[in-house]
Amino acid sequence: MTPTAVIVSLCYVVAAALFIFCLRGLSGPQTARRGVMLGEVGMLIAVIGTLLQRDIVRYDWILGGIVLGSAIGVAISAWIPMTKMPERIAFSHAFGGLATALVGVAEYMREVDHLTQFKLVALGLETFLGFLTFTGSLMAYGKLQGFITGAPVTWKFQNYMNIGAFFGAIVAIVYLSFNRELSTVFFGIAGTGLVLGVMAVLPIGGADMPVVISLLNSYAGLAACATGFALGSQILIISGALDGSSGILLSLLMSKAMNRSFANVLFGAFGTALEPGKGSPQLAKSYNEATVEDAGAVLKASQSVIFVPGYGMAVSQAQHAVRDLAASLERRGVDVKYAIHPVAGRMPGHMNVLLAEANVAYDKLFDLDDINDDFARTDAVVIVGANDVVNPAAKKDPSSPIYGMPVFNVEQSRSVIVLKRSMNPGFSGVENELFFQPNTMMVLGDAKKTLLAMIHELKEGGH
Amino acid sequence: MTADWVFNLYVFMLATFVGYQVISRVPPLLHTPLMSGTNAISGISLVASLLAAGSNHRLSQILGFVAVTCATINVVGGFLITDRMLRMFRKKPDAAKSPKQAGKS
């Protein structure tokens with residue numbers, strides 16, 4: 001080993017250790033920022049180490065890419081609103097996938113004659129997973145943004161076709177490793193990745209996006225891992241494995257929080273449509289439509305209030321209004337908490353970030369298990385744009401598509417105030433009998449406007 | 001001697017275990033910062049992109065340039081946005097919002 005090679009290798013070892021410390025820091029809010037800083041230092045060391053390598057003969061393209069990428073990266077991170085975080089994450093997975101895929105193509109074109117069989121397999125996997133992540137993430141982005149319908153798009157034999165394409169690509173990668181000169185096979189694999197990314201995300205409904213985003217996160221990591229195998233670079237393998245295991249872990253947690261298997265999320269086309277015979281009789285049931293004054297009166301009489309935010313809060317950007325209402329309740333001496341369901345919103349932790357943005361102290365945010373017994377002792381629950389996570393059918397009705405999903409016991413509290421745009425069923429298309437219970441008040445309309453009116457109502461009333 | 005690729009598989013296996021252990025300790029509160037943080041870390045493919053862009057192969061330079069740009073967006077944007085999110089997580093709300101304690105005492 002030359003002295004330079006030793007320095008480069010040591011840089012990578014230090015960087016890998018710093019990445020692990022970075023993730024360790026994320027185990028608590030107090031240490032998290034320091035952790036991220038360690039990650040930044042690690043990345044800087046890794047990049048400097050790479051630039052020292054003698055394989056690099058020219059720096060013009062590198063410099064151009066880094067300057068352009070940094071400018072875009074800074075611009076995006078400075079201007080993106082917190083409510084758009086799921087879109088941002090989906091989009092960045094697309095960038096990550098594209099980067100690894102292009103590196104794979106470049107590597108194949110440049111080194112095809114010098115690669116071992118194992119490295120060819122890794123290269124094929126890298127390119128396939130990279131392109132799959134690229135288009136899959138763009139699809140997820142489109143679904144979140146509303147360019148593409150959030151409803152599952154399905155057709156006959158769809159799952160068989162997708163699974164067939166996946167295994168076809170794997171077989172092609174193995175075949176390529178024996179016939180390295182067949183560039184058509186290589187580009188066929190790349191093309192399959194591009195197409196499969198689109199096909200695999202199309203049948204997945206908008207409400208399942210937390211799982212999809214987590215899964216794409218892990219694909220991006222695995223693609224980086226495959227790059228590491230292809231280049232024989234341990235830093236890539238380690239970082240890719242960290243990212244991959246994080247994504248897998250999150251998608252498993254999300255699936256568990258919906259009481260559905262991984263396979264069901266990916267292939268189940270959940271929330272396609274409600275069979276007409278099943279939904280219609282329930283629509284005839286009556287519900288209590290309440291005014292802001294009614295809801296305000298209930299809140300005035302309450303000693304304890306729990307807020308349950310859902311995707312609707314993100315849509316109407318109501319997190320600041322929620323905080324303000326909570327603050328005016330606290331001024332009246334009311335005990336206020338927030339109940340956060342793992343799959344509320346469109347990505348893991350979505351609600352936590354929004355409420356943190358609105359300056360809610362994080363020790364008031366409670367997980368499902370920590371707060372579920374409190375509802376029975378609570379005077380009023382305010383549900384802000386959440387639906388499935390408060391549907392009692394998940395506990396009682398085995399015929400419900402969401403049966404078995406862990407939900408909040410909101411119906412046990414004295415009164416339930418539901419802020420909802422309209423009486424339409426939520427994204428999963430499942431009717432929610434909570435809305436028809438005698439202790440439930442439905443305040444229909446834009447959540448933010450309703451909350452602001454309620455704050456006003458609380459101020460007016462005095463008491 | 002163990003072949004290189006076997007050695008690398010060991011590295012992969014151990015890193016996956018470490019990742020799983022470390023990440024299972026991240027509370028749901030921080031799952032979004034976790035995701036954008038790991039996203040920044042997976043921007044390590046920047047290292048591979050640099051090698052492609054810095055080679056003396058024409059096509060590789062161009063593809064590498066695009067890859068460097070994409071990976072840098074993720075690294076820079078990912079770390080900045082993670083930090084921006086984490087800055088918002090506070091245990092105590094701002095001073096403006098403490099009349100509750102004032103009322104209690």
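Owing to the predicted nature of the structure, the values given are computational and were not obtained by experimental measurement.

## Digging into the pairing of strand β6 (residues 440-444) of chain A
All names here are of chain A.
Next, step 1: With four of its five residues buried, β6 lies for the most part within the structure.
Next, step 2: Where strand β5 (residues 415-420) and β6 come together, five bridges link them in parallel fashion. The partner of Leu419 across the bridge, within β6, is Val443.

## Regarding the domain arrangement of chain A
Residue and element names in this part refer to chain A.
Next, step 1: Taken domain by domain, chain A holds domain 1 (1-79), domain 2 (84-272) and domain 3 (276-461).
Next, step 2: Between domain 1 and domain 2, the C-alpha centre-to-centre distance is 24 Å.
Next, step 3: Counting residues at the interface gives seven residues for domain 1, matched by six residues for domain 2.
Next, step 4: In terms of residues, the side of domain 1 that touches domain 2 owes the most to one element, helix α1 (residues 3-25), which gives five residues.

## Digging into the interface of chain A and chain B
Next, step 1: With 98 residues of chain A at the contact, the number on the chain B side is 83 residues.
Next, step 2: Top element by residues in the side of chain A that touches chain B is helix α4 (residues 85-111) of chain A. It accounts for 17 residues.
Next, step 3: Its residues placed into classes, the side of chain A that touches chain B shows 55 nonpolar, 29 polar and 14 charged.

## Comments concerning the packing of α1 of chain A against helix α9 (residues 234-257) of chain A
The relative placement of two packed helices is expressed as an angle between their axes plus a distance between the axes.
Residues and elements named next belong to chain A.
Next, step 1: For the pair α1 and α9, the least separation of the axes is 9 Å and the interaxial angle reads 10°. Our classification of the angle between α1 and α9 gives roughly parallel. For the pair α1 and α9, the contacting residues are Tyr12, Ala15, Ala16, Phe19 and Leu23 in the first and Gln234, Ile235, Ile238, Ser239 and Leu242 in the second.
Next, step 2: Here the contact of α1 with α9 is built from residues that sort into eight nonpolar, two polar and no charged.

## Overview of the pairing of strand β1 (residues 304-309) of chain A
Each regular strand carries side chains that alternate between the two faces of the sheet.
Residue and element names in this part refer to chain A.
Next, step 1: Summarising burial for β1: five of the six residues are buried, a large majority.
Next, step 2: Of the strand pairs in this sheet, β1 and strand β4 (residues 380-384) are connected by five bridges, and their pairing is parallel. For Val308, the partnering residue across the bridge sits in β4 and is Ile383.

## A word on the nonpolar core
Residues and elements named next belong to chain A.
Next, step 1: Counting residues in hydrophobic clusters, the biggest one holds 190 residues, and the most contacted among them are Val308, Ile383, Val384 and Ile417.
Next, step 2: The dominant element in this core, judged by the number of residues it contributes, is helix α8 (residues 209-231), at 16 residues.
Next, step 3: For Ile383, the contacting residues outside a window of four places in its chain are Val308, Val390, Val410, Val416, Ile417, Val418 and Leu419.

## Some points on helix α6 (residues 158-178) of chain A
Residues and elements named next belong to chain A.
Next, step 1: End to end, α6 covers 31 Å across 21 residues, agreeing with the expected 30 Å (1.5 Å per residue, within 8%).
Next, step 2: Buried residues of α6: Ala169, Ile173 and Leu176, and no others. One side of α6 holds all its buried residues, which, seen down the axis, span an arc of 70°. Exposed residues lying more than 90 degrees from the buried face of α6 are Tyr160, Gly164, Phe167, Val171, Val174 and Phe178.
Next, step 3: The inward-facing, buried residues of α6 abut α5 (117-145) and α7 (183-201).

Each value, and the rule that gives it
- Residues numbered from 1 in each chain as written.
- Chains lettered and ligands numbered in written order.
- Predicted model: local features only at pLDDT ≥ 70, side-chain atom pairs only at ≥ 80, totals over all residues.
- Buried ≥ 20, exposed ≤ 12 C-beta atoms within 10 Å, placed from the backbone.
- Helix = DSSP H or I, 4+ residues; strand = E, 2+ residues; numbered from the N terminus.
- Pairing = 2+ DSSP bridges.
- Domains from an automatic or database assignment.
- Contact = placed C-beta atoms within 7 Å.
- Nonpolar A, V, L, I, M, F, W, Y, C, P; charged D, E, K, R; others polar.
- Axes fitted to C-alpha atoms, helices over the stretch in contact; angles between N-to-C directions.
- Parallel < 35°, antiparallel > 145°, perpendicular 65-115°, else oblique.
- Core = buried A, V, L, I, M, F, W, Y, C linked by C-beta atoms within 7 Å.
- Expected span 1.5 Å × (residues − 1).
- Arc of directions from axis to C-beta.

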